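Remarks on the overall topology
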Amino acid sequence: MKPGIHPAYGPVVFRDSASGTAFLTRSTITGDKTIGWEDGHTYPLVDVEISSASHPFYTGTARVLDTAGRVERFERRYGAR
């Protein structure tokens, strides 16, 4: 890798604003705010709108589409040919 062209890669805390859950991971993103973590160190904080802790797909609250009803509605509208 060329020196001096890549952003700094370090630990960052991502906090889900919907559920309040926080994750410590590594990223190139930086935040203006900081937070004290469980290990006693201070890390940059990035607030995100949605994460796996609040996304409907991962929490199991996703709606299941009724594909059979859609097919029947299509056939009623346009006729079974």
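To be clear, the structure that these remarks concern was listed above.
Residues numbered from 1 in each chain as written. Predicted model: local features only at pLDDT ≥ 70, side-chain atom pairs only at ≥ 80, totals over all residues. Heavy atoms only, no water.

**Re the pairing of strand 4 (residues 42-48)**
Sheet topology places strand 1 (residues 10-16) next to strand 4; four bridges connect them, and they run parallel. Bridged to Asp-16 within strand 4 is Val-48. Relative to strand 4, strand 3 (residues 33-36) runs antiparallel, the two sharing four bridges. Bridge pairing in strand 4 links Gly-36 to Thr-42. Hairpin connection from strand 3 to strand 4: five residues lie between these consecutive antiparallel strands, with Gly-40 at a positive phi of about 90°. (Pairing = 2+ DSSP bridges. Helix = DSSP H or I, 4+ residues; strand = E, 2+ residues; numbered from the N terminus.)

**Observations regarding the pairing of strand 2 (residues 22-27)**
With six bridges connecting them, strand 1 and strand 2 associate as antiparallel partners. Paired with Gly-10 across the bridge in strand 2 is Ser-27. Connecting strand 1 to the next strand, strand 2, in antiparallel fashion are five residues, including Gly-20 with a positive phi near 80°.

**Let's talk about the sheet that holds strand 1**
The pairing of strands in a sheet happens through backbone hydrogen bonds and is either parallel or antiparallel. With mixed pairing, the four strands of this open sheet are ordered in space as 2-1-4-3. Two strands close off the open sheet at either side, each with one partner strand: strand 2 and strand 3. If you compare each strand with its neighbour and ignore which way they point, the axes differ by 45° on average. (Axes fitted to C-alpha atoms, helices over the stretch in contact; angles between N-to-C directions.)

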